[in-house]
Amino acid sequence: MIPPLQPTTGNLPPGVHEATWGELVARYGSTPHRLALLSGLKAALDALRAAGCRRAYIDGSFVTAKERPADFDACWEVDGVDLAELDPVLMTFAQRRAAQKRKYGGELFPADWPADAHGTSFLHFFQRDRVSGRSKGIIAIDLGGLP
């Protein structure tokens with residue numbers, strides 16, 4: 001279940017919040033722009049699932065109160081993924097992930113890869129507000145439950 005956003009920050013409360021695809025769409029598919037981003041996210045999650053990925057995490061302004069997020073950010077668990085079966089675009093990080101943004105409308109990273117110079121994994125990096133440094137929440141999706 002996706003909890004209410006924190007009124008003072010517009011972020012999810014700290015933690016990893018489990019959600020179904022239907023819950024994600026119901027909460028964040030409120031405009032044609034957001035629905036288009038969800039369509040790209042769903043295509044990326046389908047590609048990950050086809051390669052054996054079981055779980056992904058959604059972050060970025062997409063899961064905040066921001067009315068018009070530019071894109072979505074996500075990371076995915078590598079365990080069980082057959083990289084030979086993975087869409088190569090999901091492992092293309094050149095030019096600030098331009099190929100990913102073009103194809104899917106957002107950026108996706110392996111969850112255990114380092115996100116910063118300190119070696120913080122993307123899974124943990126995504127749980128910090130970039131501006132304030134405070135803890136914030138992200139959404140976890142079980143890819144086996146995708147429609």
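Definitions and cut-offs
- Residues numbered from 1 in each chain as written.
- Predicted model: local features only at pLDDT ≥ 70, side-chain atom pairs only at ≥ 80, totals over all residues.
- Heavy atoms only, no water.
- Helix = DSSP H or I, 4+ residues; strand = E, 2+ residues; numbered from the N terminus.
- Contact = heavy atoms within 4.5 Å.
- Core = buried A, V, L, I, M, F, W, Y, C linked by side-chain atoms within 4.5 Å.
- Buried < 20%, exposed > 50% of the residue type's maximum accessible area, 1.4 Å probe, protein only.
- Salt bridge = Lys/Arg side-chain N within 4 Å of Asp/Glu carboxyl O.

1. Digging into the side chain of Lys42
Phase 1 of the analysis: Along the chain, Lys42 falls in helix H2 (residues 32-50).
Phase 2 of the analysis: Ignoring any residue separated from it by four or fewer positions in sequence, one finds Lys42 in contact with Trp21, Leu146 and Pro147.

2. What to know about the nonpolar core
Phase 1 of the analysis: Formed by 33 residues in total, the largest nonpolar core has its most connected members in Leu24, Leu48, Ile58 and Ile139.
Phase 2 of the analysis: For this core, the elements supplying multiple residues, two or more each, are helix H1 (21-28), H2, strand S2 (55-59), strand S3 (72-76), helix H3 (94-104) and strand S5 (137-142).
Phase 3 of the analysis: A total of seven residues in this core trace back to one element, the largest contributor, which is H2.
Phase 4 of the analysis: Not counting chain neighbours up to four residues away, the residues in contact with Leu24 comprise Ile2, Gly29, Leu38, Leu41, Ile58, Ile139 and Ile141.
Phase 5 of the analysis: Counting nine residues, the second largest nonpolar core, distinct from the first, contains Phe109, Ala111, Phe122 and Phe126.

3. Things to note about the pattern of salt bridges
Pairs can form between side chains of opposite charge once their charged atoms are near each other.
Phase 1 of the analysis: Applying the stated criterion across every chain, the model contains eight salt bridges.
Phase 2 of the analysis: Residue Glu77 pairs with Arg55 through a salt bridge whose shortest N-O separation is 3.7 Å. Here Arg55 lies in strand S2 and Glu77 lies in the loop between S3 and H3, a separation of 22 residues in the sequence.
Phase 3 of the analysis: Looking at Glu77, the relative accessible area reads 27%, which means it is partly exposed.
Phase 4 of the analysis: As a salt-bridge pair, Lys136 and Asp59 come within 2.3 Å of each other at their nearest N and O atoms. Highlighted residues: Lys136 in the loop between helix H4 (122-125) and S5 and Asp59 in strand S2, separated in sequence by 77 residues.
Phase 5 of the analysis: A cluster of three or more residues bridged by salt bridges with shared partners is formed by Glu18, Arg55 and Glu77.

4. Observations concerning the environment of Ala74
Phase 1 of the analysis: Tracing the backbone shows Ala74 in strand S3.
Phase 2 of the analysis: Given a relative accessible area of 0%, Ala74 falls into the buried group.
Phase 3 of the analysis: Separated by 16 residues in sequence, Ala74 and Ile58 have C-alpha atoms that sit 4.5 Å apart.
Phase 4 of the analysis: Sequence-distant contacts of Ala74, that is, excluding residues within four places in its chain, are made with Tyr57, Ile58, Glu107, Leu108, Phe109 and Phe126.

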